[in-house]
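Fold and contact review
Here's the letter readout for the chains.
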Amino acid sequence: MRLVIVTGMSGAGKSTALKMLEDMGYFCVDNLPVPLIPKFAELLAVPGTEMNKAALGVDIRSGQSFQELANVLKVLDEGGCQYEILYLESSDDVLVKRYKETRRMHPIENTNGLLASIRQERKMLSALYEASDYVIDTSHLTAQGLLQELKEIYASGDTKQGLEINVMA
């Protein structure tokens, strides 16, 4: 079983990455409440389950329960559950531009504006960033570029690339 926790900055492409992982055969859940993660991992570990690859989108939208993530990861470690953390990053100026283009509100309300919200989120996520197995900076990536990065990390050995010809005599 392969469990990937997709996290990172709001606006860096986590939802897009989850859709791409889903296309690569992963069972994906976005914004699963943090307290449910151990139960989800437990269900994945049941012998005979069809799901052998899963990805969870976890970010600050989880609110107060997001603060529990460090404890939940410790529970997974203690239970012998192997997981990987994929952290999606982007520069402050790119995130500001993306938010202005979509006209969406940042999940952290900061009275000092969008940039202050982004910086506050970056501070909140610093421990996860440090604990990440993979970090992808999407600042200058197209969707196709992100897909290529994900394939390099998560599709190795899972898919056959190129043309395969079998000759039977």
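Note that the structure is predicted; figures quoted are calculated from it, not measured.

Criteria and thresholds
- Residues numbered from 1 in each chain as written.
- Predicted model: local features only at pLDDT ≥ 70, side-chain atom pairs only at ≥ 80, totals over all residues.
- Heavy atoms only, no water.
- Axes fitted to C-alpha atoms, helices over the stretch in contact; angles between N-to-C directions.
- Helix = DSSP H or I, 4+ residues; strand = E, 2+ residues; numbered from the N terminus.
- Parallel < 35°, antiparallel > 145°, perpendicular 65-115°, else oblique.
- Left-handed = near helix turned anticlockwise from the far one by under 90°.
- Contact = heavy atoms within 4.5 Å.
- Nonpolar A, V, L, I, M, F, W, Y, C, P; charged D, E, K, R; others polar.
- Buried < 20%, exposed > 50% of the residue type's maximum accessible area, 1.4 Å probe, protein only.
- pLDDT = per-residue confidence, 0-100.
- 1 Å grid on protein atoms, 1.4 Å probe; cavity = no way out; pocket = protein on both sides within 12 Å on 5 of 7 lines; lining within 4 Å.
- Points joined across faces, edges and corners; volume = space filled by probe spheres on them.

Observations regarding the packing of helix H4 (residues 92-102) against helix H5 (residues 114-124)
Between H4 and H5, the least distance of the axes is 10 Å, while the angle of their chain directions is 125°. The pairing of H4 with H5 is recorded here as oblique in orientation. The element H4 and its partner H5 pack so that their crossing is right-handed. Taken together, the residues of H5 that come into contact with H4 (itself represented by Asp92, Leu95, Val96 and Tyr99) are Leu114, Leu115, Ile118, Arg119 and Arg122. Here the residues of the contact of H4 with H5 sort into 6 nonpolar, no polar and 3 charged.

A closer look at the packing of helix H2 (residues 37-44) against helix H3 (residues 69-78)
Following both chains from N to C, one finds H2 and H3 inclined at 25°, their axes separated by 9 Å at the closest point. Classified by the interaxial angle, the pair formed by H2 and H3 is roughly parallel. Pair H2 / H3 crosses with right-handed handedness. Residues Ile37, Pro38 and Ala41 of H2 form the contact with H3, whose participating residues are Leu69, Val72, Val75 and Leu76. Tallied by class, the residues present in the contact of H2 with H3 amount to 7 nonpolar, no polar and no charged.

Brief notes about the environment of threonine 138
Along the polypeptide, threonine 138 turns up in the loop between strand E5 (134-137) and helix H7 (143-154). Residue threonine 138 is classed as buried on the basis of its relative accessible area of 3%. Each C-alpha atom, one on threonine 138 and one on serine 90, is 5.3 Å from the other, the two residues being 48 residues apart in sequence. Every residue in contact with threonine 138, bar those within four places of it in the chain, is listed here: Ala12, Leu88, Glu89, Ser90, Arg98 and Leu146.

A closer look at the confidence of the model for the chain
Across the chain, the average pLDDT comes to 86, with 90% of residues at or above 70. The low-confidence segment residues 158-164 (pLDDT under 50) makes 2 contacts with residues lying over four places distant or belonging to another chain.

Brief notes about the layout of surface pockets
Computed from the structure, the largest pocket encloses a volume of approximately 410 Å³. If you go around the largest pocket, you meet 16 residues; those closest to its centre are Ser10, Gly11, Ser15, Tyr99 and Arg104. Elements supplying a minimum of two residues to the lining of the largest pocket: helix H1 (14-23) and H4. Take the lining of the largest pocket: its biggest share by element is 4 residues, from H4. Classifying every residue of the lining of the largest pocket gives 4 nonpolar, 6 polar and 6 charged. Roughly 200 Å³ of volume is contained in the second largest pocket. Considering the residues around the second largest pocket, the lining is formed by Phe66, Gln67, Leu69, Ala70, Leu73, Met124, Leu125, Ala127, Leu128 and Ala131. Broken down by secondary-structure element, the contributors of at least two residues to the lining of the second largest pocket are H3 and helix H6 (126-131). By residue class, the composition of the lining of the second largest pocket is 9 nonpolar, 1 polar and no charged.

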